[in-house]
Amino acid sequence: MPTEQLAELTQPQRDRLAFVELRVRFIGEIRRQDLVSRFGIQSAAATRDLAVYKDLSSGNIDYDSKAKSYVLTDDFRPLFDFPPERVLSWLTQGFGDGEPMRLKPWVISEVPTRLTHPDLDVLAAVTRAIHQECPLAIEYHSISSGCTEREIVPFALIDNGLRWHVRAFDRKSQEFRDFVITRIKHPRVLRTSPVAPHESDSQDIQWNRIVELDLVPHPDQPRPEITEMDYGMREGRLQMKLRAAVAGYILRKWSVDCSPDHSLRGPEYRLWLRDHLAMYGVKNAILAPGYRSPDQQRLDAEVD
């Protein structure tokens, strides 16, 4: 049994085999040099590790002589049981490589759990498409359109604090959009389908636009100096630079009052966006608490 054979290996070798599976499953390929660079081992040891993984996993990887790398096979079956949050931290923060194990923490800690987790097989297809710069055929379920067949060109993951999205060009709407990963079913990486220039991330205006936000303690909350301490403010201000594509998510997650007259009430609103015009033209600004565009404000004034 693979589990028994894994137990007979040394911990460093199990770590390296787990790294092999992470790379292949979620990136789609691994080279001998990847192991050499990551673990500081010799090329011969890396070759042995790849051979052991191939033997234990019953054909999860094949050698692509043209690309000079080991690639994922269609018969892939995971050898390691990685928790989704660890995979996501490895993918997005670049640490946490290695075999998933329950180790005793250095200090006691408690982290709020997520209500939703992406399916790892779906996530793996998404991240392979991102890394390999390939389109992805998906079945997508949305509240407005129901179930639809789509082809997207993904290029980035987005964590909005509640759910994981993938930022992608949508060939159906011909727009750059965010897709909730838990709503994606039956993904297929389209390796032979080319990506057009207008579908690349460089053409995504909302992704490439950087908005500068000036956050201050909410004027209607007591003890602003405590808020300054909590958020590490300097001179009573917290200045942030965010991609327009994620600004609305962040402001909602932090419960920032984005109304022009700081009119939102409640203990959760400890921050106020001092210059709400900074969000003008940001498509997801509607997610920001209390935000109203200048056009909406003019309409409101006319009605009054």
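Along each chain, residue indices are assigned from 1 in the same order as the chain's sequence is written. In view of the model being predicted, local features appear only for residues whose pLDDT reaches at least 70, and side-chain atom pairs are presented and counted only at 80 or more, with totals across whole chains, interfaces and linings using the full set of residues. Just so you know, side-chain values use all the structure's heavy atoms and leave hydrogens and water out.

### As for the overall build of the chain
- Secondary structure elements follow DSSP: runs of H or I no shorter than four residues count as helices, runs of E no shorter than two count as strands, and numbering proceeds from the N terminus. When helices and strands are tallied, the chain shows 10 helices and 12 strands.
- For the chain, the spread of C-alpha atoms along the three principal axes comes to 75 × 50 × 30 Å.
- Using a 1.4 Å probe on the protein chains alone, a residue whose accessible area is under 20% of its type maximum counts as buried, one over 50% counts as exposed, and one in between counts as partly exposed. Expressed as a percentage of its 304 residues, the buried residues of the chain come to 44%.
- In what follows, a contact means two residues having at least one pair of non-hydrogen atoms within 4.5 Å. Contacts in the chain between residues at least 24 apart in sequence constitute 59% of all its contacts with a sequence separation of at least 6.

### Looking at the pattern of salt bridges
- Every case where a carboxyl oxygen of Asp or Glu lies within 4 Å of a side-chain nitrogen of Lys or Arg is listed as a salt bridge. Tallying each qualifying case throughout the model produces 15 salt bridges.
- Close ionic contact of Glu 199 with Arg 171 constitutes a salt bridge, the shortest N to O distance being 2.8 Å. Highlighted residues: Glu 199 in the loop between strand S8 (184-189) and helix H7 (205-208) and Arg 171 in the loop between strand S6 (164-170) and strand S7 (175-180), separated in sequence by 28 residues.
- Across the pair Arg 265 and Asp 220 runs a salt bridge, and its minimum N-O distance is 3.0 Å. Linking Arg 265 in the loop between strand S11 (256-257) and strand S12 (271-273) with Asp 220 in the loop between strand S9 (210-217) and helix H8 (224-230), this pair joins segments that are 45 residues apart in sequence.
- Judged by relative accessible area, Arg 265 falls into the exposed class, the value being 55%.

### Structural notes on the confidence of the model for the chain
- Predicted confidence across the chain gives a mean pLDDT of 90, with 91% of residues reaching 70 or more.
- Across the chain, the secondary-structure element scoring lowest on mean pLDDT is helix H10 (residues 294-303), at 59, and the one scoring highest is H7, at 98. pLDDT is defined as a per-residue confidence score from the predictor, taking values between 0 and 100.

### Observations regarding empty space enclosed by the protein
- The distinction between a cavity and a pocket rests on a 1 Å grid over the protein atoms alone: a 1.4 Å probe fits inside a cavity but cannot get out, while a pocket stays open yet meets protein on both sides within 12 Å along at least five of seven lines, and a residue with an atom within 4 Å of a point counts as lining. Grid points are joined across faces, edges and corners, and a volume is the space filled by probe spheres set on the points. Under the counting rule described, the total for this entry stands at one cavity of 30 Å³ or more.
- Each pocket or cavity is described by its volume, and for the largest cavity that value is around 30 Å³.
- Lining the largest cavity, in full, are Arg 114, Thr 116, His 117, Pro 118, Leu 162, Arg 163, Trp 164, Ile 181 and Thr 182.
- Following the grouping adopted for this structure description, the nonpolar residues are Ala, Val, Leu, Ile, Met, Phe, Trp, Tyr, Cys and Pro, the charged ones are Asp, Glu, Lys and Arg, and the polar ones are all others, Gly among them. The residue inventory of the lining of the largest cavity, partitioned by class, reads four nonpolar, three polar and two charged.

### With respect to the nonpolar core
- Core analysis: the largest hydrophobic core is formed by 50 residues, its most contacted members being Phe 26, Ile 30, Leu 35, Leu 136, Val 166 and Ile 184.
- Filtering out sequence-adjacent residues up to four positions away, Ile 30 remains in contact with Phe 19, Val 20, Arg 23, Val 24, Leu 35, Leu 50, Ser 69 and Tyr 70. Residues belong to a common nonpolar core when they are buried Ala, Val, Leu, Ile, Met, Phe, Trp, Tyr or Cys residues joined through side-chain atoms within 4.5 Å.

### Describing the packing of helix H2 (residues 11-27) against helix H5 (residues 84-93)
- Look at H2 against H5: their axes get within 12 Å of each other, and the N-to-C directions meet at 80°. With respect to H5, the element H2 is oriented roughly perpendicular. Two secondary-structure elements touch here, H2 through Phe 19, Leu 22, Arg 23, Phe 26 and Ile 27 and H5 through Val 87, Trp 90 and Leu 91.
- Its residues placed into classes, the contact of H2 with H5 shows seven nonpolar, no polar and one charged. Where helices are involved, their axes are fitted lines through C-alpha atoms of the stretch in contact, as for all axes, and angles between N-to-C directions lie from 0 to 180°. In these notes the angle categories are as follows: under 35 degrees is roughly parallel, over 145 is roughly antiparallel, 65 to 115 is roughly perpendicular, and the rest is oblique.

### Describing the sheet that holds S11
- Taken in spatial order, the four strands of this open sheet run S10-S9-S12-S11, and their pairing is mixed. Two strands in the sheet have a free side with no partner beyond their single neighbour: strand S10 (238-243) and S11.
- DSSP-based pairing: two strands are paired if at least 2 bridges between them are found. Across six bridges, S9 lies against S10 in antiparallel orientation. Bridge pairing in S10 links Leu 215 to Leu 238.
- This element, helix H9 (residues 244-253), spans S9, S10 and S11 of the sheet and lies at about 130° to S10.

### Topic: the packing of aromatic side chains
- Any pair of Phe, Tyr and Trp rings, taking the six-membered ring for Trp, is counted once the centres come within 6.5 Å. Such a pair is stacked with planes under 30 degrees apart, edge-to-face with planes over 60 apart, and tilted for the rest. Evaluated as defined, the whole model comprises eight aromatic pairs.
- Summarising the aromatic geometry, the rings of Phe 155 and Trp 207 are spaced 5.3 Å apart at their centres and angled 80° between planes, so their arrangement reads as edge-to-face. Here Phe 155, found in strand S5 (residues 146-159), pairs with Trp 207, found in helix H7; they are 52 residues apart in sequence, far enough to count as distant.
- Overall, Phe 155 belongs to the buried group, its relative accessible area being 17%.
- A centroid spacing of 5.1 Å and a plane angle of 70° characterise the contact between Phe 169 and Phe 176, whose relative ring orientation is edge-to-face.
- Owing to a relative accessible area of 3%, Phe 169 belongs among the buried residues under this scheme.
- Given the relative accessible area of 15%, Phe 176 is considered buried.

### A few points about the sheet that holds S5
- One open sheet holds the five strands; their spatial order is S7-S6-S5-S4-S8, and the pairing between them is antiparallel. Of all strands in the sheet, those bounded by a partner on one side alone are S7 and S8. Strand-to-strand twist across the sheet, computed as the mean angle between neighbouring axes with direction ignored, equals 45°.

### As for the packing of H2 against helix H6 (residues 120-132)
- Packing of H2 against H6 leaves a shortest axis separation of 6 Å and a crossing angle of 80°. Between H2 and H6, the interaxial angle falls into the category roughly perpendicular. Across from Val 24, Arg 25, Phe 26 and Ile 27 in H2, the residues of H6 making contact are Leu 120, Asp 121, Leu 123, Ala 124, Thr 127, Arg 128, His 131 and Gln 132.
- Looking at side-chain class alone, the contact of H2 with H6 contains six nonpolar, three polar and three charged residues.

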